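Per-entry structural report
The primary structure of each chain is shown beneath.
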Amino acid sequence: MNTTTPAAPEGGRPLARIHWRNVSLLGGSLAALASLFVVLLRDPAVTASLGDRLTATFGELGKALREEFFLNPWFYAVVAGVLLLERLIPADPGQGLLSKGARQDLVWVPFKLLVHASFIPAVIVLLRLGYDRYLGFLTIDAVASWPAPGRIVLAVLWGDFLFWLIHYIRHKVFFLWCFHAVHHSQKELNFFTEYRVHPIDDVFAITLGVIPILMLEPSFVTVTAIVWVRHWHTRICHSNIRTNFGPLKYILVTPQSHRVHHSVDEVHHDKNFGLTFSIWDHLFGTQHREYDIYPETGINDRDFPFEQNRRSFASLNTLLSQLIYPFQAVSRRD
Ligand SMILES: [Zn+2]
Ligand SMILES: [Zn+2]
């Protein structure tokens with residue numbers, strides 16, 4: 001993980017040096033993504049089905065949001081349970097329930113829901129259409145004849161391994177790290193930190209992950225169910241709770257192991273990349289094997305627009321600065 005910053009001139013903030021190699025890399029990637037969409041949208045077969053697909057996706061998403069959040073008593077029960085655990089066994093006892101970091105993450109919640117109700121479904125639909133049209137031959141038909149439990153287990157494990165791999169790449173490639181660093185900037189991990197993800201970071205993860213998933217052709221219900229369970233686990237792993245899940249830590253990602261992943265200490269950098277299962281980290285040697293440490297979290301970039309310690313609920317301005325940060329970080333790299 002690269003968290004270094006250019007040296008600050010005496011008494012001032014570091015100069016934002018523009019590095020055209022990085023700017024062109026960013027511009028080139030966005031242009032490649034945009035041209036893929038343009039090519040797809042020029043195809044009449046694609047545009048004809050795009051409206052229907054988008055309407056269906058938005059409908060499903062609205063239903064999922066209603067059922068997962070607003071009308072789901074489990075949501076309120078789990079939030080209450082997590083808040084109680086944060087009070088009884090906090091990883092960081094000085095943090096409190098509604099810390100400034102948690103208040104800022106609450107501003108990220110509606111933003112991420114908005115992005116996931118508009119931009120991300122459009123990206124997924126276009127990737128799906130592109131896959132069906134140009135990469136459908138990659139689909140592993142043999143899996144379709146497997147019994148449902150076998151397909152679900154394979155989809156869960158395959159998806160989890162891909163996340164591990166994509167997460168690893170997002171840490172190792174500086175350009176991708178700048179966007180992922182926004183998620184890592186949280187100094188006060190909490191239940192809502194899962195929502196602090198830059199939309200471009202989301203798009204990279206989805207673009208790299210969706211094609212191998214489509215090769216298995218899992219049903220929409222399977223994917224939704226897996227994502228639903230995963231979200232709950234991930235929110236709990238970001239919470240300020242002192243637990244390593246006992247012997248389950250050898251199989252599952254835990255609040256303790258994910259805190260080490262978010263650690264500000266360089267000794268812990270590039271460890272514990274898992275999303276749900278820790279088996280990939282154990283297998284590939286990226287598991288940090290101290291299970292009782294709860295380090296401080298965050299990133300070492302003094303230029304990051306961290307939330308300020310003020311009394312206001314949170315800052316929309318800080319959200320905007322945090323969204324702009326990766327573009328500045330990419331352009332000023334030495
Ligand atoms: Zn990470
Ligand atoms: Zn995280």
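An account of the accompanying structure is given in this report. It should be emphasised that the depicted structure is a prediction, and the values quoted were computed from it without experimental measurement.

Conventions and cut-offs
- Residues numbered from 1 in each chain as written.
- Chains lettered and ligands numbered in written order.
- Predicted model: local features only at pLDDT ≥ 70, side-chain atom pairs only at ≥ 80, totals over all residues.
- Heavy atoms only, no water.
- Donors = N, O, S within 2.8 Å, 3.2 Å for Na, K, Ca; no water.
- Helix = DSSP H or I, 4+ residues; strand = E, 2+ residues; numbered from the N terminus.
- Buried < 20%, exposed > 50% of the residue type's maximum accessible area, 1.4 Å probe, protein only.
- Core = buried A, V, L, I, M, F, W, Y, C linked by side-chain atoms within 4.5 Å.
- Contact = heavy atoms within 4.5 Å.
- Axes fitted to C-alpha atoms, helices over the stretch in contact; angles between N-to-C directions.
- Parallel < 35°, antiparallel > 145°, perpendicular 65-115°, else oblique.
- Left-handed = near helix turned anticlockwise from the far one by under 90°.
- Nonpolar A, V, L, I, M, F, W, Y, C, P; charged D, E, K, R; others polar.
- Phe/Tyr/Trp six-rings, centres within 6.5 Å; stacked < 30°, edge-to-face > 60°.
- Lys NZ or Arg CZ within 6 Å of the ring centre and 35° of its normal.
- Salt bridge = Lys/Arg side-chain N within 4 Å of Asp/Glu carboxyl O.
- Patch = residues over 30% accessible without salt bridge, like charges linked within 9 Å, V, L, I, M, F, W, Y side chains within 5 Å.
- Areas by Shrake-Rupley, 256 points an atom, 1.4 Å probe, with all protein chains shown as cover.
- Polar contact = N/O pair within 3.5 Å; in protein donor to acceptor, adjacent residues only side chain to side chain.

1. Description of the coordination of the zinc ion (ligand 2)
Looking at the metal site, the zinc ion (ligand 2) is ligated by H183 (NE2), H238 (NE2), H258 (NE2) and H262 (NE2), spaced 2.1 Å from it. Sequence positions of the residues that donate to the zinc ion (ligand 2) give the spacing H-x54-H-x19-H-x3-H. The metal-metal distance between the zinc ion (ligand 2) and the zinc ion (ligand 1) is 5.8 Å. Here H238 is found in helix α10 (residues 220–238), whereas its partner H262 is found in the loop between α11 (255–261) and α12 (279–284), with 24 residues between them in sequence. Neither H238 nor H262 differs from the other in exposure class; each is buried.

2. Things to note about the nonpolar core
Counting residues in hydrophobic clusters, the biggest one holds 29 residues, and the most contacted among them are I299 and Y325. Of all elements in the fold, only α3 (73–88), α4 (100–117), α8 (174–184), α9 (199–214) and α13 (316–331) reach the threshold of two or more residues within this core. It is α8 that contributes the most residues to this core, eight residues altogether. For I299, the residues in contact, after removing those within four places along its chain, are W177, A181, H184, S185, V264, F304, F306 and Y325. Of all hydrophobic cores here, the second largest spans nine residues; its members include I120, L127, V203 and I206.

3. Some points on the packing of α8 against α13
Contact geometry for α8 and α13: axes closest at 8 Å, N-to-C directions at 155°. On the basis of the axis angle, α8 is roughly antiparallel to α13. Relative to α13, the crossing made by α8 is right-handed. Listed contacts from α13 to F174, F175, C178, F179, A181 and V182 of α8 are Q322, Y325, P326, F327, A329 and V330. Taken together, the residues of the contact of α8 with α13 sort by class into eleven nonpolar, one polar and no charged.

4. Thoughts on unusual backbone geometry
Located in the positive-phi region is F245, a residue other than glycine, with phi close to 60°. On the secondary structure map, F245 appears in the loop between α10 and α11. Accessibility expressed as a relative area gives 25% for F245, which makes it partly exposed.

5. Thoughts on the packing of aromatic side chains
Applying the stated rule across the entire model yields 19 aromatic pairs. Aromatic side chains W108 and F111 sit 5.9 Å apart centroid to centroid with 85° between the ring planes, which places their arrangement in the edge-to-face category. Taken together, the positions of W108 and F111, both in helix α4 and three residues apart, correspond to about one turn of that helix. Where F304 meets Y325, the ring centres are 4.7 Å apart and the plane angle is 65°; that geometry is what we call edge-to-face. With F304 in the loop between α12 and α13 and Y325 in helix α13, the pair connects residues that are 21 residues apart, well separated along the chain. Look at Y325 and you get buried, because its relative accessible area is 4%. Above the ring of W232, the side-chain terminus of R235 is found at 4.6 Å from the ring centroid.

6. Quick notes on the pattern of salt bridges
Going through the model one piece at a time under the given rule, you end up with six salt bridges. For E194, the salt bridge is made with R235, and the minimal N-O distance between the two is 3.2 Å. One end of the pair, E194, is in the loop between α8 and α9; the other, R235, is in helix α10, with 41 residues separating them in the sequence. For the pair formed by E194 and R235, the shared burial category is buried.

7. Observations concerning a nonpolar patch on the surface
Together, L165, Y168, I169, V173 and L208 make up an exposed nonpolar region whose accessible area comes to about 350 Å². With three residues, the top contributor of residues to the nonpolar patch is helix α7 (residues 148–172). Examined against the element boundaries, L165 turns out to sit in helix α7. Classification of L165 by relative accessible area gives partly exposed; the value is 33%.

8. Observations concerning the environment of D105
Within the secondary structure, D105 sits in helix α4. For D105 and F191, which are 86 residues apart along the polypeptide, the C-alpha to C-alpha distance reads 9.0 Å. Setting aside residues no more than four positions away along its own chain, D105 makes contact with Q186, N190, F192, T193 and R196. Of the polar contacts made by the side chain of D105, one reaches the side chain of N190; its length is 2.9 Å.

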